[in-house]
Amino acid sequence: MDWTHLAAPSLDAIEKIAREEFARLPEEFRGLCEGIAFSVAEFPDDEVLDDLGIESEFDLLGLFQGPTLAERDAGLGAEPTMIFLYRRPILDAWAEGPQTLGDIVRNVLVHEIGHHFGLSDADMEKIENGN
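Residues numbered from 1 in each chain as written. Predicted model: local features only at pLDDT ≥ 70, side-chain atom pairs only at ≥ 80, totals over all residues. Heavy atoms only, no water.

Draft legend 1. Structural detail: a nonpolar patch on the surface. A grouping of Met 1, Trp 3 and Leu 6 is seen on the molecular surface, where their side chains present a nonpolar patch of about 450 Å² in accessible area. With respect to the element layout, Met 1 can be found in the segment before helix 1 (11–24). The exposure class of Met 1 is exposed, given its relative accessible area of 77%. (Patch = residues over 30% accessible without salt bridge, like charges linked within 9 Å, V, L, I, M, F, W, Y side chains within 5 Å. Areas by Shrake-Rupley, 256 points an atom, 1.4 Å probe, with all protein chains shown as cover. Salt bridge = Lys/Arg side-chain N within 4 Å of Asp/Glu carboxyl O. Helix = DSSP H or I, 4+ residues; strand = E, 2+ residues; numbered from the N terminus. Buried < 20%, exposed > 50% of the residue type's maximum accessible area, 1.4 Å probe, protein only.)

Draft legend 2. Up close: the packing of helix 1 against helix 6 (residues 101–116). Following both chains from N to C, one finds helix 1 and helix 6 inclined at 65°, their axes separated by 9 Å at the closest point. The way helix 1 lies across helix 6 gives a crossing that is right-handed. Across the interface between the two elements, Ile 14, Ile 17, Ala 18, Glu 21, Phe 22 and Arg 24 from helix 1 touch Leu 101, Gly 102, Val 105, Arg 106, Leu 109 and Ile 113 from helix 6. Residue classes in the contact of helix 1 with helix 6 are distributed as eight nonpolar, one polar and three charged. (Axes fitted to C-alpha atoms, helices over the stretch in contact; angles between N-to-C directions. Left-handed = near helix turned anticlockwise from the far one by under 90°. Contact = heavy atoms within 4.5 Å. Nonpolar A, V, L, I, M, F, W, Y, C, P; charged D, E, K, R; others polar.)

Draft legend 3. Local environment of the nonpolar core. In this structure, Phe 22, Cys 33, Phe 38, Ile 83, Leu 85 and Ile 113 are the most contacted members of the largest nonpolar core, which totals 26 residues. Where this core is concerned, the elements lending two or more residues are helix 1, strand 1 (37–41), strand 3 (82–86), helix 5 (87–96), helix 6 and helix 7 (121–128). Examining the composition of this core, we find that seven residues originate from one element, helix 6, more than from any other. Not counting residues within four places of it along the chain, the set of residues in contact with Ile 83 comprises Ile 36, Ala 37, Phe 38, Ser 39, Leu 63, Phe 64, Leu 109 and Ile 113. By size, the runner-up hydrophobic cluster in this structure holds six residues, among which are Leu 60, Met 82, Phe 84 and Tyr 86. (Core = buried A, V, L, I, M, F, W, Y, C linked by side-chain atoms within 4.5 Å.)

Draft legend 4. Expanded view of a negative patch on the surface. Judged by side-chain charge, Asp 45, Asp 46, Glu 47, Asp 50, Asp 51 and Glu 57 come together as a negatively charged surface patch. Note on placement: Asp 51 falls in helix 3 (residues 46–52). (Lys, Arg positive; Asp, Glu negative; His and termini not counted. Charge placed at Lys NZ, Arg CZ, Asp CG, Glu CD.)

Draft legend 5. Expanded view of the sheet that holds strand 1. What the three strands build is an open sheet, ordered 1-3-2; its pairing is mixed. Lying at the two open borders of the sheet, with one neighbouring strand each, are strand 1 and strand 2 (62–65). Strand-to-strand twist of the sheet, defined as the mean angle between neighbouring strand axes without regard to direction, takes the value 15°. Inspection of the sheet shows strand 1 paired to strand 3 by five bridges, in the parallel sense. Within strand 3, the position partnered with Ala 37 by the bridge is Met 82. Of the strands in this sheet, strand 1 and strand 3 are in contact with helix 5, which crosses strand 3 at around 60°. Strand contacts of helix 6: strand 1, strand 2 and strand 3, with the helix running at about 40° to strand 2, the strand carrying the most contacts. (Pairing = 2+ DSSP bridges.)

Draft legend 6. Quick look at the pattern of salt bridges. What the rule picks out here adds up to five salt bridges. Residue Lys 16 is joined to Glu 20 by a salt bridge in which the shortest nitrogen-to-oxygen separation is 3.5 Å. Linking Lys 16 with Glu 20, this pair stays in helix 1, spanning four residues, or about one helical turn. Here Glu 20 falls in the partly exposed class, since its relative accessible area comes to 34%. Of the charged contacts, one joins Arg 106 and Glu 21 as a salt bridge, the two residues approaching to 3.9 Å between their closest N and O atoms. Here Arg 106, found in helix 6, pairs with Glu 21, found in helix 1; they are 85 residues apart in sequence, far enough to count as distant. Looking at Glu 21, the relative accessible area reads 11%, which means it is buried. One continuous salt-bridge network, built from bridges that share partners, spans Glu 21, Arg 24 and Arg 106.

Keep in mind these values describe shape, not function.
Listed below in structure tokens is the structure:
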């Protein structure tokens, strides 16, 4: 492969990968995120980092924002369900390890959705592995 002409994936490319990986997740898991929207930025903003107590902008690859299942069932939570993906931290993780870019994005999606809805690490691992 001629690496001399390759460029890092753009914000739009990361969003496309996220949509493709999300579509591959089990239907019942995707159902937790009714009407999901994806937003890709270079880094999380300072307010997000401060709210989460995170010091380095490279330490956050994604963020889930939206109503919990209980809020949705109670008719609360009018805000949209969104997953924010942070391009530079994702690319940094990709450069440092053996995983493919798609695997990293899938991992971020599963963990952001899973943590928000209280799934265990074991449950999330099964979803990532397609079980």
